[in-house]
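So the chains spell out like this:
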Amino acid sequence: MKHLKLVLALLLILIVFSGFWSGKSKKEIKEDNRIERVERIKTNNETLQLLYKYAPEAKEILFRSYGYATFSNVGVNLVLLSAEGGKGLAHSNATGINTYMNMGSGGLGLGLGVKDFRAVFLFENKKVYDRFVNSGWEANAQVDAAAKYEETGGSINAAETVAPGVRLYKLTQTGLVLQATVQGTKYWKDKELNKY
């Protein structure tokens, strides 16, 4: 009996400190999620304005697309390892619905630096949009160089077709990075933010 109480006490401590229990009420969590959705919409709008500034032709393509997705990412390259993490949203022009998403990737290759960038995906039709939102894998080989634009930073790599029916624009915000990496990137729905 003594051992059972000890095991149960240890399990309770493990659950409390492992993140399963945040200590917040449902109302507080709901408010935190609302604030995060507002922030992602704001970042989405800023990203689109940046895209239109550096690639004005993208605006018309975006409006003709079934939908689009924007992500704000930070990438780090340390000699042979690279990692990226970010968040964003996918928007269906057909339905007007936003799906809140996250992204992460890792890779091997030569590189050194930190790159803060934005990504904008344009989806030609419902099939490719749904596939991205519901499975969201991208695997790519990547070689790029991004430098500051004038004093403020900001350069754009030309749009790439990353899959049939999917175009990608990458916009850098700051700094200089040289990299040659093979990365696997996963985009996935944010379960908490998509609850209403």
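Just so you know, these numbers come straight off a predicted model, no measurement behind them. (Residues numbered from 1 in each chain as written. Predicted model: local features only at pLDDT ≥ 70, side-chain atom pairs only at ≥ 80, totals over all residues. Heavy atoms only, no water.)

### Re the overall build of the protein chain
Then, number 1: Within the protein chain, the secondary structure is distributed over four helices and six strands.
Then, number 2: For the protein chain, the α and β elements follow one another from N to C terminus as α-α-α-β-β-α-β-β-β-β.
Then, number 3: Considering the protein chain as a whole, with its 196 residues, one finds that 40% of them fall into the buried category.
Then, number 4: For the protein chain, restricting intrachain contacts to residue pairs at least 6 apart in sequence, the fraction spanning at least 24 positions comes to 75%. (Helix = DSSP H or I, 4+ residues; strand = E, 2+ residues; numbered from the N terminus. Buried < 20%, exposed > 50% of the residue type's maximum accessible area, 1.4 Å probe, protein only. Contact = heavy atoms within 4.5 Å.)

### A short note on the environment of Glu-36
Then, number 1: Among the secondary structure elements, Glu-36 is positioned in helix H2 (residues 26–54).
Then, number 2: As for Glu-36 and Leu-193, which are separated by 157 residues in sequence, their C-alpha atoms are 7.7 Å apart.
Then, number 3: Engagement of the side chain of Glu-36 in a polar contact is seen with the side chain of Lys-87, the distance being 3.2 Å. (Polar contact = N/O pair within 3.5 Å; in protein donor to acceptor, adjacent residues only side chain to side chain.)

### Section: the packing of aromatic side chains
Then, number 1: Enumeration according to the criterion identifies ten aromatic pairs in this entry.
Then, number 2: Considering the side-chain rings of Phe-123 and Tyr-129, the 5.6 Å spacing of their centres and the 80° angle between planes classify their relative orientation as edge-to-face. We note that Phe-123, like Tyr-129, is buried.
Then, number 3: Three or more aromatic residues link up through ring pairs in this structure, and these residues are Tyr-66, Phe-71, Phe-121, Phe-123, Tyr-129, Phe-132 and Tyr-187. (Phe/Tyr/Trp six-rings, centres within 6.5 Å; stacked < 30°, edge-to-face > 60°.)

### Description of the nonpolar core
Then, number 1: Ala-69, Phe-71, Met-101, Phe-121, Phe-123, Phe-132 and Tyr-187 are the most contacted members of the largest nonpolar core, which has 17 residues in total.
Then, number 2: When contributions to this core are tallied by element, the ones reaching two or more residues are strand S1 (67–92), strand S2 (98–123), helix H4 (126–134) and strand S5 (166–174).
Then, number 3: Considering each element in turn, this core owes the most residues, six residues, to S2.
Then, number 4: Not counting chain neighbours up to four residues away, the residues in contact with Ala-69 comprise Leu-89, Ala-90, Ala-119, Val-120, Phe-121, Phe-123 and Phe-132.
Then, number 5: Of all hydrophobic cores here, the second largest spans twelve residues; its members include Ala-55, Ala-58, Leu-62 and Val-120. (Core = buried A, V, L, I, M, F, W, Y, C linked by side-chain atoms within 4.5 Å.)

### Examining the pattern of salt bridges
Then, number 1: Taken as a whole and judged by the stated rule, the model has eight salt bridges.
Then, number 2: Asp-32 is paired through a salt bridge with Lys-24; the nearest N and O atoms lie 2.4 Å apart.
Then, number 3: According to the relative accessible area criterion, Asp-32 is partly exposed, its value standing at 32%.
Then, number 4: You can call Lys-24 partly exposed: its relative accessible area is 43%. (Salt bridge = Lys/Arg side-chain N within 4 Å of Asp/Glu carboxyl O.)

### Observations concerning the side chain of Ser-65
Then, number 1: Turning to its location among the elements, Ser-65 is positioned in the loop between helix H3 (57–64) and S1.
Then, number 2: A residue is classified by how much of its surface remains accessible, and Ser-65, at 10% relative accessible area, is buried.
Then, number 3: Once you skip the residues sitting within four places of it in the chain, Ser-65 turns out to touch Asn-93, Leu-122 and Phe-123.

### Quick notes on the side chain of Arg-40
Then, number 1: For Arg-40, the position within the fold is in helix H2.
Then, number 2: Judged by relative accessible area, which is 6%, Arg-40 ranks as buried.
Then, number 3: Here the side chain of Arg-40 touches Gly-88 through a polar contact of 3.2 Å, landing on its backbone oxygen.
Then, number 4: Excluding its chain neighbours within four sequence positions, the residues that come into contact with Arg-40 are Lys-87, Gly-88, Leu-89, Tyr-100, Met-101, Asn-102, Asp-190 and Leu-193.

### With respect to H4
Because an α-helix packs 3.6 residues into every turn, residues spaced three or four apart end up facing the same way.
Then, number 1: Of the residues making up H4, those classed as buried are Val-128, Tyr-129, Phe-132 and Val-133. Considered in projection along H4, the buried side chains sweep an arc of 130° and stay on one side of the axis. H4 presents Lys-127 and Asn-134 as exposed residues on the side facing more than 90 degrees away from its buried surface.
Then, number 2: Where H4 begins, one side-chain oxygen reaches toward the backbone nitrogen of Lys-127, 3.1 Å away; that side chain belongs to Asn-125.
Then, number 3: Just downstream of H4, Gly-136 is the residue with a positive phi angle, here 60°. (Arc of directions from axis to C-beta.)

### Comments concerning the confidence of the model for the protein chain
Then, number 1: Mean pLDDT for the protein chain: 76, with 61% of residues reaching 70 or above.
Then, number 2: Contacts from residues 174–182, a stretch scored under 50 in pLDDT, to residues over four places away or in other chains number 41 contacts. (pLDDT = per-residue confidence, 0-100.)

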